[in-house]
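Results of the structural survey
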Amino acid sequence: MPKVDRLKSTLADVLEIPKDVVLNLPRLVLVGSIQLQVENHRGLVAFDGSSIRVKLSRGQVHITGKNLTIRTADRELIIVDGQITAVEFRE
Amino acid sequence: MLSQRMAAFVLGFLIIEVKSDHHEGFINLCLDHDIPLWNIQIKNGVLTAYTTIAGYRQMPAIARQCRCVPRIKRKAGMPFLLAQLLRRKTLVISLAAAAVLLHITSSFIWFIDVTGTETIDPQKLLESAAQYGLHRGVLRSQLDLDYTRRKLEHHFPKASWIGIKIEGTRAIIKVVEKVTPPALEEITGDIVAAKDGYLLRLVAIKGTRRATAPQIVAQGDLLVEGRLYVQDQVLREVRAEAIAEAKVWYEGYGVSCRKQQLQLRTGRTFVQLVARVADREIVFKGRGQVPFSCYQLEEEVSNPSWRNIALPVEVVKRTFYELKQESRVLTREQAREEAEAAAQAEALSKLPQQAFVLNRSVDIIETKDADTVTVRVTIETREDICQFKPHR
């Protein structure tokens, strides 16, 4: 982690501020295995019915499953519906 | 999101198909241009997505950039439904005619119900209601319910209250009939003593006297019998009436201990402010343990509300008062005063409102315990002890 981020992380701990806000990190909410919400993304890298790759501020998140559908998409949020089998972070 | 979908339905939306090798690029460009997309799917290399009409109008530039052609697969939403509907003129005219007919027929009163009648004939009530403007087939707008109600109340004196309620095409006349209590004269009975006492004066207004003043009477003793006699033969039964004044005594006891342990407030407080939702409590102020070992708690609960809208949240303010133990020793006189006050309060609590106090006496009851003082307060009153007891 870069020095600036380490400082921000310490500051967030001290001031009890959510780290995703301070460090500009994505927030992922997985609802069972049927829905995944990705907040603070940087766009789609790849998309087909069985896998979706979403670009993040650092790296990518790789979602695999069956019948994957993008329920809604805007600049901030992507909601993926379907039978999610794996969520993987890649640099 | 729901409001967004509802807005899309009201404003109309399109289901589009895009054939391209780089669907991701097309989606990213749409997101960059704030073109709303939802329900995005890819099947057999064809991207299907929902978008708004305004969004679709912005797409050609993006499509040129991505070298793809978005095609409308289906149009949906209110504007397209209406357009489809307006093409079928007969259907539209029929629907409009049905709506107008429904509106016209629902403007009349078709049914009149009467509820709550027992002795009043509902048929007569309906006839009178028709006379005063409420009948089958009358226009609702022509009804003057207050006038009809007042006239009906005047016409039926047996009714204590008449209300008319309109529910759609139905009028409901609700009647509450008068309930007359039986005349007091019809209930015969005796006058007996309501409590123990020393009878001072007895005036039999109606009935046969069965006690003479002065004399001691016990609760329930017959004072005036509700029967009139002629030569030892009962002439008739009456409702006895009398004035019976008697001396009555009320006692109260008070005990005071000379050595007392008191809990006094030190003046230090700890305040806790809590929002309570169902079983959960969120502490805003005063987290952690109460800093006193001995305390008295006072809780104030308030429900934030505006007009008749109450929030399902309770705001609780808990004030913890620190207490300290203190012992004190009363003199015998102080202890007596305290016991007397307690005894007096107990005796006074038994006194009826109309009692006239004649005398008050205080007795100290001697006990083996030197530290305890017991006092008895006796209050002597003059009051009416008549109690009516029906024959049956």
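An account of the accompanying structure is given in this report. Model, not experiment: these values are computed from the prediction.

The next thing to look at is the overall build of chain A. Scanning chain A from N- to C-terminus turns up two helices and six strands. Taken from N to C terminus, the helices and strands of chain A fall in the order α-α-β-β-β-β-β-β. Put simply, of all contacts in chain A between residues at least 6 apart along the chain, 38% involve residues at least 24 apart. Of the accessible surface of chain A, which amounts to about 5400 Å², a share of 53% is contributed by carbon and sulfur atoms.

Residue and element names in this part refer to chain B. Running from amino to carboxyl end, helix α2 (residues 23–32) crosses helix α4 (residues 59–66) at an angle of 145 degrees, the nearest separation of the two axes being 10 Å. Remark: the crossing between α2 and α4 carries right-handed chirality. Contacts between α2 and α4 involve G25, F26, L29 and C30 from the former and M59, I62, Q65 and C66 from the latter.

Before going further, it helps to examine the interface of chain B and chain A. With 14 residues of chain B in contact, the opposing surface of chain A contributes 16 residues. For the pair chain B and chain A, the two sides together bury roughly 1300 Å², of which 54% comes from carbon and sulfur. Joining chain B to chain A, the criterion identifies one salt bridge. D34(B) serves as the salt-bridge partner of R75(A), at 3.4 Å between the closest nitrogen and oxygen. The leading source of residues in the side of chain B that touches chain A is strand β2 (residues 37–43) of chain B, at six residues. In terms of residue class, the side of chain B that touches chain A is made up of seven nonpolar, three polar and four charged. Sheet analysis places strand β5 (residues 60–73) of chain A next to β2(B), joined by three bridges and oriented antiparallel. Bridging from a neighbouring strand, T72(A) pairs with W38(B) of β2(B).

This paragraph deals with unusual backbone geometry. Of note, the bond from A213(B) into P214(B) is cis; its omega dihedral lies within 30 degrees of zero at -5 degrees. Assignment of secondary structure puts P214(B) in the loop between β10 (208–209) and β11 (215–217). You will see that N40(A), though not glycine, has its phi angle at about 60 degrees, which is positive. On the secondary structure map, N40(A) appears in the loop between β2 (35–39) and β3 (44–47). A residue is classified by how much of its surface remains accessible, and N40(A), at 15% relative accessible area, is buried. For N44(B), which is not glycine, the phi dihedral falls at a positive 55 degrees. With respect to the helices and strands, the residue N44(B) is situated in the loop between β2 and β3 (46–52). Owing to a relative accessible area of 81%, N44(B) belongs among the exposed residues under this scheme.

Quick look at the side chain of E340(B) now. All names here are of chain B. Relative to the elements of secondary structure, E340 occurs in helix α9 (residues 332–350). Judged by its relative accessible area of 16%, E340 falls in the buried class. If sequence neighbours within four positions are ignored, E340 has contacts with R360, V362, V375 and V377.

All names here are of chain B. Note that strand β6 (residues 159–167) and strand β7 (residues 170–177) share eight bridges and pair antiparallel. The residue bridging W161 from the neighbouring strand is V176, located in β7. Here β6 hands over to β7 after two residues, with G168 in that stretch at a positive phi of 65 degrees.

Time to look at a nonpolar patch on the surface. Residue and element names in this part refer to chain B. Together, F9, V10, L11, M78, L81, L82, L85, L86, L91 and L95 line one region of the surface with nonpolar side chains, adding up to about 890 Å² of accessible area. Taken together, the elements giving at least two residues each to the nonpolar patch come down to α1 (2–11), α5 (78–87) and α6 (89–105). Sorting elements by how many residues they give to the nonpolar patch places α5 first, with five residues. The residue L95 is located in helix α6 in this model.

Turning our eyes to something else, we now look at the packing of α5(B) against α6(B). All names here are of chain B. Where α5 meets α6, the closest approach of the two axes is 5 Å, and the angle between their N-to-C directions is 95 degrees. Classified by the angle between their axes, α5 and α6 sit roughly perpendicular to one another. Listed contacts from α6 to L85, L86 and R87 of α5 are K89, L91 and V92.

Here the focus is the nonpolar core. Counting residues in each nonpolar core, the largest one holds 34 residues, and the members touching the most others are I52(A), F26(B) and I40(B). Sequence-distant contacts of I52(A), defined by excluding residues within four places in its chain, comprise L44(A), A46(A), F47(A), V61(A), H62(A), I63(A), L68(A), I70(A) and V80(A). A193(B), L202(B), Y250(B) and A347(B) belong to the second-largest nonpolar core, a separate cluster that totals 25 residues.

Residues and elements named next belong to chain B. If you trace the five strands from one edge of the open sheet to the other, you get β11-β9-β15-β23-β22, paired in antiparallel fashion. Either end of the sheet is taken by a strand with one partner, and the two such strands are β11 and β22 (356–365). Strand-to-strand twist in this sheet, taken as the mean axis angle between neighbours without regard to direction, amounts to 35 degrees. Pairing between strand β9 (residues 197–206) and β11: three bridges, direction antiparallel. Bridged to Y198 within β11 is I216. Where α9 meets the sheet, its contacts fall on β15 (241–257), β22 and β23 (372–384), and the angle it forms with β15 comes to roughly 150 degrees.

This next bit is on the sheet that holds strand β17 (residues 280–285) of chain B. All names here are of chain B. The four strands lie next to each other as β17-β16-β21-β18, forming an open sheet whose pairing is antiparallel. Two strands bound the open sheet, and with one partner strand each, they are β17 and β18 (295–302). If you compare each strand with its neighbour and ignore which way they point, the axes differ by 35 degrees on average. The pairing of strand β16 (residues 259–277) with β17 spans five bridges and is classified as antiparallel. Counterpart to R276 in the pairing with β17 is E281.

A few words on the pattern of salt bridges. All names here are of chain B. All chains considered together, the criterion is met by 32 salt bridges over all chains. Two residues, E299 and R318, come together in a salt bridge whose shortest N-O distance is 2.8 Å. Pair noted here: E299 is in strand β18 and R318 is in strand β21 (residues 314–329), with a separation of 19 residues, a long-range link. Among the residues examined, E299 registers a relative accessible area of 40% and is labelled partly exposed.

Thresholds, definitions, all that
Residues numbered from 1 in each chain as written. Chains lettered and ligands numbered in written order. Predicted model: local features only at pLDDT ≥ 70, side-chain atom pairs only at ≥ 80, totals over all residues. Heavy atoms only, no water. Helix = DSSP H or I, 4+ residues; strand = E, 2+ residues; numbered from the N terminus. Contact = heavy atoms within 4.5 Å. Areas by Shrake-Rupley, 256 points an atom, 1.4 Å probe, with all protein chains shown as cover. Axes fitted to C-alpha atoms, helices over the stretch in contact; angles between N-to-C directions. Left-handed = near helix turned anticlockwise from the far one by under 90°. Buried area = accessible area lost by both parts, 1.4 Å probe. Salt bridge = Lys/Arg side-chain N within 4 Å of Asp/Glu carboxyl O. Nonpolar A, V, L, I, M, F, W, Y, C, P; charged D, E, K, R; others polar. Pairing = 2+ DSSP bridges. Buried < 20%, exposed > 50% of the residue type's maximum accessible area, 1.4 Å probe, protein only. Patch = residues over 30% accessible without salt bridge, like charges linked within 9 Å, V, L, I, M, F, W, Y side chains within 5 Å. Parallel < 35°, antiparallel > 145°, perpendicular 65-115°, else oblique. Core = buried A, V, L, I, M, F, W, Y, C linked by side-chain atoms within 4.5 Å.

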